[in-house]
Amino acid sequence: MVESGILKEGKNCWKVGYADHAAFLIDADVYFRSLVSAVDQAEKAVYISAWDIDSRINLIRSKSDASDVRLGGYLNEKACSTPGLEIYILSWDFSFIYALERELLAAVKLGWKTHERVHFHLDKEHPAAAAHHQKFVVVDDAIAFCGGIDLTKNRWDTPRHESTDPRRKNPEGKPYKPFHDIQMAVGGAPAAALGELFRRRWLWYTGGQLKPVKRTRPLSWPQSATPHMTHARVGIARTYPAYKGRQEIREVEALYLDIIRTAQKVLYMENQYFTSPAIADALIQRLEQTNGPEIVLVLPEKSSGLLEQSTMDALRARQIRRILKADAHNRLRVVTPVLDDGHRLFVHAKVMIADDRLARVGSSNLTNRSMGLDTECDLVVEALGDAQIQKDIIAFRDRLVSEHTGRKVEEVAHVCQTTPSFLEAVDTLTDTGRRFQKLDTEKKLPIDGTKLLPDTSLLDPDRPAAFDRVFDQFMEDEEPQSKHKGVLKDVVVLVLLLGLAAAWRWTPLSQWIDPQQLTDWGHAIKENAFSPLIVMGGYLAAGV
């Protein structure tokens, strides 16, 4: 008897199809290698959808050779050497709050300075304070990569997460801390569907119609993307906010809730954040049941930066205390990975594995934003009674536990198979230097933003602000941005910039605002107890 499936098109996912090949790519080293292998074979079109992108990153890094494959140069050379190949890139037109973290003049380096068949746009077709958070690449509608990893700096790492790995440096040559994330590779129907998803976004932003592509010969599956599944049932779940007449899509949220509701024995999750009351409520409901699943929630020890620690971590602590209080049957572990040297591993992954039935990898965080404000895209593999796919899902979970505990995959598999309780197995495996450690939710935060702001929805909104949606009534459904409007906007921006330059040249503005003055202001804000609120206020004002 075939079990009833969870994936339902139009309810908790957009499309369901069978992938001829599919693989879980743990950490960016294997993802970047697999991506290069696929793009090397590209004939017609490469689509890149990004939250951030950096042309300077090195995709291939080896200790034994001097490999140097910089993203921008690599894409340009590929376009030059492959007649007829078009490369399309949509990256979020980010908020100024991220300006110091992004590549300067990315539009120039990936647009004006590249081959004419490399098309780059910063996509600003979203509500105020929202973000384009989808992270996927499609090659010839034949293979696609989707998950939490952007083609940007400070992402590359290996599952070993060695503290002294000389390859883990950003384009400026500065080392960064170990970084954990997951991407998924799919071939066949799901890849073609992601190609369609990109073409829709391209139409919405540019007004240009891209046609589906078909290769003249099969694309070879990347050797680095192993082990892999064959004939895997894959669903695609999305989040889109209501904007310019387009209805909101909350498939990501619906799928999370359905997976939690139907998990039978074990629910394993890794995520960068945990602030969604809806997700917490669903977990509480299962924890209160006498026959609910065991739950392992893997999170980073803390968010990056003072602002996120004062806001997102404060919201996270509130939700974690709620679910811990509901754990009357001792079926919950909220943990953070600790490396051999005692440092905490930064978890950026967005993973959910339910028993041997479902494995989900995507861009969505366990936040309100990911449920209804930011654009998101997740993939989920459903076994649906297929014994081999069930084994593949469990093997994926074993590989993740192996990475976080420093044990061999075979040992993890043996302990999990011979121990009645998954939580007991995890506890058994975490007595070495590399281990899971209980997350300290009582640790004092620099500033608790939830106490300073009475309405915490401002910190983690799940829908566009009301003032932003007022403009929807003036827009026609599915109206693409016209080229004339785009040119007009560019002209207005250019005039404003010229006006600012003139003011700087012929008024006292240049004496009033100089580098030293800006530095002094920055230090004053940094030392101010209300610095997170000052930054958030500036962010909201600029968004408006």
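For the structure itself, consult the block above.
No experiment lies behind these values; they were computed from the predicted model shown. (Residues numbered from 1 in each chain as written. Predicted model: local features only at pLDDT ≥ 70, side-chain atom pairs only at ≥ 80, totals over all residues. Heavy atoms only, no water.)

### What to know about the overall build of the protein chain
Consideration 1: A tally of helices and strands in the protein chain yields 17 helices and 18 strands.
Consideration 2: Looking at the protein chain residue by residue over its 544 residues, the buried ones come to 56%.
Consideration 3: Surface summary for the protein chain: the accessible area is close to 24,500 Å², and the carbon and sulfur share equals 56%. (Helix = DSSP H or I, 4+ residues; strand = E, 2+ residues; numbered from the N terminus. Buried < 20%, exposed > 50% of the residue type's maximum accessible area, 1.4 Å probe, protein only. Areas by Shrake-Rupley, 256 points an atom, 1.4 Å probe, with all protein chains shown as cover.)

### With respect to the packing of aromatic side chains
Consideration 1: Tallied over the full model, the rule gives 11 aromatic pairs.
Consideration 2: Positioned over the ring face of Trp204 is Arg246, at 4.2 Å from the centre of the ring.
Consideration 3: The ring of Tyr256 has Arg360 lying over it, and the distance from NZ or CZ to the ring centre is 3.5 Å. (Phe/Tyr/Trp six-rings, centres within 6.5 Å; stacked < 30°, edge-to-face > 60°. Lys NZ or Arg CZ within 6 Å of the ring centre and 35° of its normal.)

### Things to note about the pattern of salt bridges
Consideration 1: Enumeration over the complete set of coordinates arrives at 34 salt bridges.
Consideration 2: Linking Glu248 and Arg463 is a salt bridge whose minimum nitrogen-to-oxygen distance equals 3.2 Å. One end of the pair, Glu248, is in the loop between strand S9 (229–240) and strand S10 (249–250); the other, Arg463, is in the loop between helix H12 (449–452) and helix H13 (466–469), with 215 residues separating them in the sequence.
Consideration 3: Measuring nitrogen to oxygen at the nearest pair gives 3.7 Å for the salt bridge that ties Glu301 to Arg344. Taken together, the positions of Glu301 in the loop between strand S12 (294–298) and helix H7 (306–325) and Arg344 in the loop between strand S13 (332–338) and strand S14 (346–347) put the pair 43 residues apart, joining distant regions of the chain.
Consideration 4: Its relative accessible area of 30% is what places Arg344 among the partly exposed residues.
Consideration 5: Linked through salt bridges whose partners overlap, the residues forming this network are Glu248, Arg250, Glu253, Asp462 and Arg463. (Salt bridge = Lys/Arg side-chain N within 4 Å of Asp/Glu carboxyl O.)

### With respect to the pairing of strand S16 (residues 358–362)
Note on strand geometry: in a regular strand, side chains alternate between the two faces of the sheet.
Consideration 1: Extensive coverage of S16 is indicated by the burial of 5 of its 5 residues.
Consideration 2: What you see with S16 is no split at all: Leu358, Arg360 and Gly362 on one side and Ala359 and Val361 on the other are buried throughout.
Consideration 3: Relative to S16, strand S15 (residues 351–354) is paired through 4 bridges, and the arrangement is antiparallel. Bridged to Val351 within S16 is Val361.
Consideration 4: Between S15 and the antiparallel strand that follows it, S16, lie 3 residues; Asp355 among them carries a positive phi value of about 55°. (Pairing = 2+ DSSP bridges.)

### Side note on the environment of Arg318
Consideration 1: Checked against the element boundaries, Arg318 lands in helix H7.
Consideration 2: Between the alpha carbons of Arg318 and Pro277 there is a distance of 9.4 Å; along the sequence they are 41 residues apart.

### Brief notes about the side chain of Gln183
Consideration 1: Counting through the fold element by element, Gln183 comes out in strand S8 (residues 182–188).
Consideration 2: A polar contact is formed between the side chain of Gln183 and the backbone oxygen of Lys135, at a distance of 3.3 Å.
Consideration 3: Among the polar contacts listed, one links the side chain of Gln183 to the backbone nitrogen of Gly147, at a separation of 3.4 Å.
Consideration 4: Not counting chain neighbours up to four residues away, the residues in contact with Gln183 comprise Ala23, Phe24, Leu25, Tyr31, Lys135, Phe145, Cys146, Gly147, Gly148, Ile149 and Val361. (Polar contact = N/O pair within 3.5 Å; in protein donor to acceptor, adjacent residues only side chain to side chain. Contact = heavy atoms within 4.5 Å.)

### Some remarks on the nonpolar core
Consideration 1: If you look at the biggest cluster of nonpolar residues, it comprises 60 residues, and the most contacted ones within it are Met184, Val186, Leu194, Tyr268 and Phe396.
Consideration 2: Counting residues per element, this core draws most heavily on helix H4 (residues 189–206), which supplies 8 residues.
Consideration 3: Once you skip the residues sitting within four places of it in the chain, Val186 turns out to touch Ala19, His21, Ala22, Ala142, Ile143, Ala144, Ala191, Leu194, Trp221, Val234 and Leu379.
Consideration 4: Val46, Tyr74, Val118 and Tyr176 belong to the second-largest nonpolar core, a separate cluster that totals 40 residues. (Core = buried A, V, L, I, M, F, W, Y, C linked by side-chain atoms within 4.5 Å.)

### Quick notes on helix H11 (residues 422–429)
An α-helical segment advances 3.6 residues per turn. Residues three or four places apart therefore align on the same side.
Consideration 1: By the burial criterion, the buried members of H11 are Phe422, Leu423, Ala425, Val426 and Leu429. Relative to the axis of H11, the buried residues are bounded by an arc of 160° and lie together on one face.
Consideration 2: Lining the buried residues of H11 we find strand S11 (266–270), S12, S13, helix H9 (387–405), helix H10 (409–418) and strand S18 (435–438).
Consideration 3: Among the residues of H11, the N-terminal cap falls to Ser421, whose side-chain oxygen and the backbone nitrogen of Leu423 are separated by 3.3 Å. (Arc of directions from axis to C-beta.)

### Side note on H10
Consideration 1: Residues Val412, Ala413, Val415 and Cys416 constitute the buried set of H10. Axial view of H10: buried residues confined to an arc of 165°, hence all on one face. For H10, exposure combined with an orientation more than 90 degrees from the buried face picks out Glu410 and Gln417.
Consideration 2: Contacts made by the buried residues of H10 are with H9 and H11.

### Details of the pairing of S11
Consideration 1: Across the 5 residues of S11, 5 count as buried, placing the element largely inside the fold.
Consideration 2: Side chains of S11 alternate between two faces, with Val266, Tyr268 and Glu270 and Leu267 and Met269 buried alike.
Consideration 3: Strand direction decides the pairing type here: S11 and S12, joined by 5 bridges, are parallel. Bridged to Tyr268 within S12 is Val296.
Consideration 4: Read from S11 through helix H6 (residues 277–288) to S12, the crossover connection turns out right-handed.
Consideration 5: Where S11 lies against S15, 4 bridges are found, and the strand directions are antiparallel. Paired with Tyr268 across the bridge in S15 is Ile353. (Right-handed = clockwise from strand over helix to strand, strands pointing away.)

### What to know about the packing of H10 against H11
Angle between the axes and distance between the axes: these two values describe a pair of packed helices.
Consideration 1: Packing of H10 against H11 brings their axes to within 9 Å, and their N-to-C directions diverge by 140°. Relative to H11, the element H10 lies oblique. As H10 runs across H11, the sense of the crossing is right-handed. In contact with Glu411, Val412, Val415 and Cys416 of H10, H11 contributes Phe422, Ala425, Thr428 and Leu429.
Consideration 2: A breakdown of the residues in the contact of H10 with H11 according to their chemical character gives 6 nonpolar, 1 polar and 1 charged. (Axes fitted to C-alpha atoms, helices over the stretch in contact; angles between N-to-C directions. Parallel < 35°, antiparallel > 145°, perpendicular 65-115°, else oblique. Left-handed = near helix turned anticlockwise from the far one by under 90°. Nonpolar A, V, L, I, M, F, W, Y, C, P; charged D, E, K, R; others polar.)

### Focus on the packing of H6 against H7
Consideration 1: Put simply, H6 and H7 touch, their axes get as near as 9 Å, and they point 10° apart. Taken as axis vectors, H6 and H7 run roughly parallel relative to one another. Every residue of H7 that contacts H6 at Pro277, Ala280, Asp281, Leu283, Ile284 and Leu287 is listed here: Gln319, Arg322 and Ile323.

### A few points about the environment of Tyr88
Consideration 1: Take Tyr88: it is sitting in strand S3 (residues 86–92).
Consideration 2: The exposure class assigned to Tyr88 is buried, which follows from its relative accessible area of 12%.
Consideration 3: Excluding residues that lie within four positions of it along the chain, Tyr88 makes contacts with Val46, Tyr47, Ile48, His119, Phe198, Trp202 and Leu210.

### As for unusual backbone geometry
It is generally the case that most residues other than glycine have a negative phi and that most peptide bonds are trans.
Consideration 1: Put simply, Thr226 and Pro227 share a cis peptide bond, and its omega is 0°.
Consideration 2: Topologically, Pro227 is positioned in the loop between H4 and S9.
Consideration 3: Even without a glycine there, the phi angle at Asp141 is positive, about 55°.
Consideration 4: Tracing the backbone through its elements, the reader meets Asp141 in the loop between strand S5 (136–139) and strand S6 (143–147).
Consideration 5: Phi angles above zero are rare outside glycine, and His231 is one such case at about 50°.
Consideration 6: When you line up the elements, His231 lands in strand S9.

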